[in-house]
Amino acid sequence: MEHVDVAVIGSGQGGVPFAVEMASQDRNVVLFERSRFGGSCINWGCTPSKAFLASAHAAGRARAAAGLGVRVRVDVDFPRVMDRVRGIRDRFAQSTQDRLEKSGVQTVRAEASFTRSGHIRAGDREYETSLTVIDTGSMPVIPPIPGLEEGPFLTYRSFWDLEALPDSILILGGGYTGLELGQGLSRLGSSVHIVEVNERILKRESPDVSVILTEALEEDGVRFSLGKSVQKVEYDRDIVRLHLEGGEVIAGDALLVVTGIEPCTAALNAPEAGIALDERGHVVVDEHLKTSRDGVYAIGEVAGQPAFTHVSWEDHRRLLAVLSGEERTRDARGLAYAVFTEPQVARAGYSLEQAQQNGLRARNVVLDISDIARGIEWDQERGFYEMVIEEGTDRIIGATMVGYEVSELIHVFVDLMEAGADRQLLGKAQHIHPTYAEGLPTLARMFGG
C-alpha cells in the first residue's frame with residue numbers, strides 16, 4: 001500500500017493543472033493515465049481538429065477568393081496535412097507529460113479503479129489517499145445499428161490515423177464534430193454525405209443557425225439526409241452502404257460515426273466504492289463537485305458538465321477554491337462555446353427560447369452581417385449577431401453569433417455578462433471602423449429603436 005496526499009485519475013485539461021497546483025503546495029500527488037497524456041482535447045478533440053481545420057479552411061478560403069477577383073488553383077497534400085496534425089498533437093501530449101514530471105507529480109501509466117474501501121488500484125499496486133479527483137473524460141458512443149460493427153468505421157478517435165483522403169465518406173451525426181470534420185473533408189477534396197436523425201443540424205441552436213450552416217456546407221459540396229435514421233449498415237469490400245429510413249440507400253468509401261459521447265466510468269468500479277453514477281454513467285456530484293463518497297470529487301464531462309475544455313479547466317479552479325474554503329459552485333459562470341465551421345457559430349448564455357423556458361422575461365434583437373461594412377468589404381456576409389436581454393433590467397443574458405471568426409467576438413459578451421452589464425453599456429461603446437466588432441454597439445442600440 002502506498003500513501004499519497006492527492007490522487008488524480010485522468011490527465012485531462014482539469015486534472016493536470018489540479019495535480020500540478022497540488023504538487024506546488026508540497027503535496028505528494030499521483031496521477032493515473034491509461035492512455036495518452038492530455039485527455040480528449042489534446043489527443044482526439046480540440047487540438048487535432050483545429051489543426052486539421054486550419055488546412056481545410058485555408059483551402060476553402062482560397063477557392064472562395066474568386067468572389068474577390070482572385071482565382072487560385074488549390075492542391076491539397078492530404079498526407080502532409082495529417083502528418084502536421086499528428087505532429088502538433090504529439091507535441092502537446094509530450095508537453096503535458098513533461099509538465100507533470102517537472103512539477104513533481106508521480107505519473108502511473110495504468111488503468112485505475114476503486115476498491116470497496118475507497119483505495120485506488122492500478123496495475124499491481126494499491127494507493128491510499130484522503131483526496132481523489134476523477135477526470136476520466138468521455139468516449140465515443142457507438143449506436144446499436146445492425147451491421148455497423150461487422151466492418152471498419154471511424155470515430156473521432158481513430159479519424160486522426162487516416163493516411164489517405166477518402167474519395168467519399170458518410171458521416172453519422174450532425175452535431176458540431178460531424179459538421180466540422182465533414183466540412184473539413186469536403187474542402188480538402190472528399191465527397192461528404194452527413195446523416196442526421198433530427199430534422200436539422202445543430203438541434204440545440206435556433207432554426208436560423210441550422211439553416212445558415214446547412215446552406216454554407218451545401219455550397220462546399222456537403223450533402224445531407226436529415227430526419228432519417230439508419231436501419232442497417234452493409235460492407236462490401238471497400239464500399240459501405242447505409243440503408244436509411246424510407247428505403248434510401250447511400251454509399252461511400254468510408255464511414256465516420258460521431259453520434260455522441262459517454263462518460264469513461266466503466267472501469268472505475270465506482271459503485272463498489274460507494275461513488276454514485278447516474279443513469280447515463282456520469283459520476284454524480286453536488287454543486288461543489290463532491291461525489292457521494294467523502295474525499296472524492298469529479299470534474300469535467302465525466303461529472304456531467306458540458307463537454308468543453310474550458311469548462312473542465314474552470315472546474316479545476318472551482319475545486320481549488322472549494323477546497324480552500326471559498327464559496328464556488330459548478331454553475332457559478334455562464335456557458336460559452338463555439339463551432340469552428342465556416343461560418344463559425346458562437347454562443348454565450350441563453351438563446352431567447354432558453355431564457356423564456358427558464359421563466360425569464362426576455363427579448364432579443366438581430367443584426368445581419370450583411371449590414372456591417374466589413375462583411376461586405378471582405379465578401380463575408382453570411383450570418384448574424386443576436387443579443388438577448390432581460391426585460392426590466394436590460395441585463396445581457398445571452399448572445400448567438402454566426403459569421404466569420406465569431407468565436408473571437410463572442411468574448412465581448414462573455415465578459416459583459418460576467419460583469420453583470422446591461423445593454424446600455426455596450427451601446428455607449430465606440431468600436432473601430434471598419435471591423436466586425438463595430439456591429440456590436442449597433443446591435444445594443446437596436447433595443448432602443
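First things first, this report covers the structure right here in the doc.

Rules used in this analysis
- Residues numbered from 1 in each chain as written.
- Predicted model: local features only at pLDDT ≥ 70, side-chain atom pairs only at ≥ 80, totals over all residues.
- Heavy atoms only, no water.
- Pairing = 2+ DSSP bridges.
- Helix = DSSP H or I, 4+ residues; strand = E, 2+ residues; numbered from the N terminus.
- Salt bridge = Lys/Arg side-chain N within 4 Å of Asp/Glu carboxyl O.
- Buried < 20%, exposed > 50% of the residue type's maximum accessible area, 1.4 Å probe, protein only.
- 1 Å grid on protein atoms, 1.4 Å probe; cavity = no way out; pocket = protein on both sides within 12 Å on 5 of 7 lines; lining within 4 Å.
- Points joined across faces, edges and corners; volume = space filled by probe spheres on them.
- Nonpolar A, V, L, I, M, F, W, Y, C, P; charged D, E, K, R; others polar.
- Contact = heavy atoms within 4.5 Å.
- Disulfide = S-S within 2.5 Å.
- Axes fitted to C-alpha atoms, helices over the stretch in contact; angles between N-to-C directions.

**So, the sheet that holds strand E7 (residues 125-128)**
No. 1: Read across the open sheet, the four strands follow the order E1-E7-E6-E5; overall the sheet is mixed. A single partner strand is all that each edge strand has here, and the edge strands are strand E1 (2-3) and strand E5 (112-114).
No. 2: As judged from the three bridges shared by E5 and strand E6 (residues 120-122), these two strands associate in the antiparallel manner. Counterpart to alanine 112 in the pairing with E6 is alanine 122.

**Side note on the pattern of salt bridges**
No. 1: Within the structure shown, the criterion is met by 27 salt bridges.
No. 2: Of the charged contacts, one joins arginine 121 and glutamate 126 as a salt bridge, the two residues approaching to 3.4 Å between their closest N and O atoms.
No. 3: Its relative accessible area of 40% is what places arginine 121 among the partly exposed residues.
No. 4: Between lysine 228 and glutamate 248 there is a salt bridge, and its shortest N-O distance comes to 2.7 Å. Placement of lysine 228 in the loop between strand E12 (223-226) and strand E13 (230-236) and of glutamate 248 in the loop between strand E14 (239-244) and strand E15 (249-252) is noted, with a sequence separation of 20 residues between them.
No. 5: Under the relative-accessibility criterion, glutamate 248 is labelled partly exposed at 28%.
No. 6: Counted as one network, the salt bridges with shared partners bring together Arg61, Arg187, Asp220, Glu342 and Glu405.

**As for the layout of surface pockets**
No. 1: Empty space within the second largest pocket amounts to approximately 590 Å³.
No. 2: If you go around the second largest pocket, you meet 22 residues; those closest to its centre are Gly60, Ala64, Arg187, Glu342 and Gln380.
No. 3: When its residues are assigned to classes, the lining of the second largest pocket shows seven nonpolar, five polar and ten charged.

**Comments concerning the side chain of aspartate 394**
No. 1: You can see aspartate 394 is positioned in the loop between strand E22 (384-390) and strand E23 (396-403).
No. 2: For aspartate 394, a relative accessible area of 13% gives the class buried.
No. 3: Aside from chain neighbours lying at most four places away, what touches aspartate 394 is Arg363, Ile389, Asp422, Arg423 and Gln424.

**Comments concerning unusual backbone geometry**
No. 1: Each neighbour pair has its own omega, and for glutamate 342 with proline 343 the value is 0°, a cis peptide bond.
No. 2: Relative to the helices and strands, proline 343 resides in the loop between strand E19 (336-339) and strand E20 (344-349).
No. 3: In this model, histidine 433 is joined to proline 434 through a cis peptide bond whose omega is -5°.
No. 4: For proline 434, the location among the structural elements is in the loop between helix H11 (423-427) and helix H12 (439-445).
No. 5: Unusually for a residue other than glycine, aspartate 26 sits at a positive phi of about 65°.
No. 6: Mapping aspartate 26 onto the fold places it in the loop between helix H1 (15-24) and strand E3 (29-32).

**Brief notes about the state of the cysteines**
Every disulfide links exactly two cysteines, by a covalent bond between their sulfur atoms.
No. 1: Inspection of the entire model under this criterion finds zero disulfides.
No. 2: Unpaired in terms of disulfides, cysteine 264 finds its nearest cysteine sulfur in cysteine 41, a separation of 15 Å.
No. 3: Note on cysteine 264: relative accessible area 9%, which makes it buried.

**Observations concerning the sheet that holds strand E16 (residues 254-257)**
No. 1: Here four strands make up an open sheet; going across it, the order is E12-E11-E10-E16 and the pairing parallel. At either end of the open sheet lies a strand with only one pairing partner, and these are E12 and E16. On average, adjacent strands in this sheet sit at an angle of 20° to one another, irrespective of strand direction.
No. 2: By the bridge criterion, four bridges tie strand E11 (residues 191-196) to E12 in an arrangement that is parallel. Its bridge partner being in E12, isoleucine 194 is matched across the sheet by phenylalanine 224.
No. 3: Against the sheet, helix H5 (residues 176-188) makes contact with strand E10 (168-172), E11, E12 and E16, and its axis sits at roughly 160° relative to E11, the strand it touches most.

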